[in-house]
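An overview of the molecular structure
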Amino acid sequence: MKDVCVIGAGVAGIAATRYLREFFNVTVYEATDFIGGVWLYNKDNSPKKPTPMYKNLRSNLPKQLMVFRDLPHGKEVPTFQTHDQVMSYLDRYCDMFDLRKYIQFDTPVTSLKPDLSCDPLKWLVETKNGVSKFDAVALCTGRYDTPHIPRIEGIESYTGSYIHSKDYSAPEMVDKKSVLVVGAASSGIDIVIDLFIHGVKVAVSHRRANPLKGIPDEVVQHNEPVQFSSTGVYFKEDDSEHHFDLLIFATGYGTNLDFVDPSCGLATEVLPRPLYRYLLNPKYPTMAIFNQCSKIAPFPFVEYQVMYYRDVLAGKIEVPSEEERNIDASKRLNAEADRPLKYRYEIQKSQFSYNAENAGYCGVPVENDFDMKLLGELYEVVAIDRANNPMVYRNKEYEFNTDIGDFELIKQ
């Protein structure tokens, strides 16, 4: 029986463990002392490594897209869950399959490299306990660990206070100060709203050509910052210096794959590449990196990835030649070659067909609540509502109606 290493025990790591243990000996290395990855809120005087979670966060995806196949949500669960409710779900999933017994907590991986002296190839995984050999390795380290703060002229001499959104915990931490949130993707907009409804004077800067929709008029919107002085910020739209008590950079994350040795054959800065089917190392396809795409529903996305990877390792799916794998990886990476590298794995419009392809390879039916077409339609409805009504879209409740075979809005 093959020995498989899973690195990380967040959403992807839990799913990987659940499916891979069916056929293989599984060892999970988790750097922290908890499961759930980013979903644990632990900033209330906790000694644990802080996650990006903040006190008032609720999921921006409906519960129908935050679920694994074997454990559906009950009707008592709201459509848009709190982080505590998501963590409770992950705990129940771990208990349902007795997954914790596979996990070695407080065991970060410090090095990963192929052992080319073995045939077939083995993987050398180094932790504080030494080096272990595995037949395959599943990287489930996520995309939200290494904060990215853009290099803006003068920022190194700026003496004001600033943090990354990963360090934001609650409106109380800013103590009614004036705040500028830099960045207006999901986290940036949510933090702006969280601050505003709790009485904080907040502004936002972004690169969009038009003003953000659904944001209160009291929230001043600026273009992106182009320069810092020692005490202030200059924006693209004017030559005036603006002053804030605190800046929050909601500007995304870099990769956290420093432990991956160059001999693995992948570039890991910005995003890992190349990846066959957004998943497998083309050179050594027993190595997989999960959940690296953005603007997706991560639970079903990673679940079907894991099923596919399991069947590849079990010999049920034959991968094409290395040349063909590289061609596929190049096409996916360069489909929108004019975009910055960090956006190349955004596949929101095609994620459900991708899921269906992975399910098809494994012979998994995608019917009823897991019908890809319906899930895709719900995803689009919520995405449009979120963009137009960021303050209130989470007040709505959706349910699947088996009589009509569609989703219904049951609460405005």
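Please refer to the structure higher up on the page.
A brief structural summary. (Residues numbered from 1 in each chain as written. Predicted model: local features only at pLDDT ≥ 70, side-chain atom pairs only at ≥ 80, totals over all residues. Heavy atoms only, no water.)

Another aspect to go through is the packing of helix H4 (residues 298-313) against helix H6 (residues 351-362). The geometry of H4 relative to H6 is characterised by a closest axis approach of 9 Å and an angle of 30° between their N-to-C directions. For the element pair H4 / H6, the angle class is roughly parallel. H6 is crossed by H4, and the crossing has left-handed handedness. Note on element contacts: H6 touches H4 through Gln 351, Tyr 354, Asn 355, Asn 358, Ala 359, Tyr 361 and Cys 362, opposite Pro 300, Phe 301, Tyr 304, Gln 305, Met 307, Tyr 308 and Asp 311. Split into classes, the residues belonging to the contact of H4 with H6 amount to nine nonpolar, four polar and one charged. (Axes fitted to C-alpha atoms, helices over the stretch in contact; angles between N-to-C directions. Helix = DSSP H or I, 4+ residues; strand = E, 2+ residues; numbered from the N terminus. Parallel < 35°, antiparallel > 145°, perpendicular 65-115°, else oblique. Left-handed = near helix turned anticlockwise from the far one by under 90°. Contact = heavy atoms within 4.5 Å. Nonpolar A, V, L, I, M, F, W, Y, C, P; charged D, E, K, R; others polar.)

With antiparallel pairing, three strands are arranged side by side in an open sheet as E13-E14-E15. At either margin of the open sheet sits one strand with a lone partner, and together these are strand E13 (225-228) and strand E15 (241-242). Two strands pair when backbone bridges link them, and strand E14 (residues 233-235) and E15 are joined in this way by two bridges, in the antiparallel orientation. Looking at E15, one finds that Tyr 234 is bridged to Glu 241. (Pairing = 2+ DSSP bridges.)

To summarise the sheet geometry, strands pair through backbone hydrogen bonds and adopt either a parallel or an antiparallel arrangement. One open sheet holds the three strands; their spatial order is E4-E5-E6, and the pairing between them is antiparallel. Only two strands of the sheet have a single neighbouring strand rather than two, namely strand E4 (111-115) and strand E6 (130-134). Strand-to-strand twist of the sheet, defined as the mean angle between neighbouring strand axes without regard to direction, takes the value 25°. For strand E5 (residues 122-127) and E6, the ladder comprises five bridges, and the chain directions are antiparallel. Paired with Val 125 across the strands is Ser 132, a residue of E6.

A word on the state of the cysteines. Per the stated rule, a full pass over the model turns up zero disulfides. Not engaged in a disulfide, the cysteine Cys 94 finds its nearest cysteine sulfur in Cys 140; these two sulfurs lie 12 Å apart. With no disulfide of its own, Cys 264 lies 12 Å from the sulfur of Cys 5, the closest cysteine sulfur. Cys 264 sits in the buried class, given a relative accessible area of 0%. (Disulfide = S-S within 2.5 Å. Buried < 20%, exposed > 50% of the residue type's maximum accessible area, 1.4 Å probe, protein only.)

The next thing to look at is H4. Across its 16 residues, H4 extends 22 Å between first and last C-alpha, which sits within 8% of the 22 Å expected from 1.5 Å per residue. Among the 16 residues that make up H4, 15 are buried, leaving the element largely enclosed by the rest of the structure. Positive phi shows up at Gly 315, right after H4, with a value of about 80°. (Expected span 1.5 Å × (residues − 1).)

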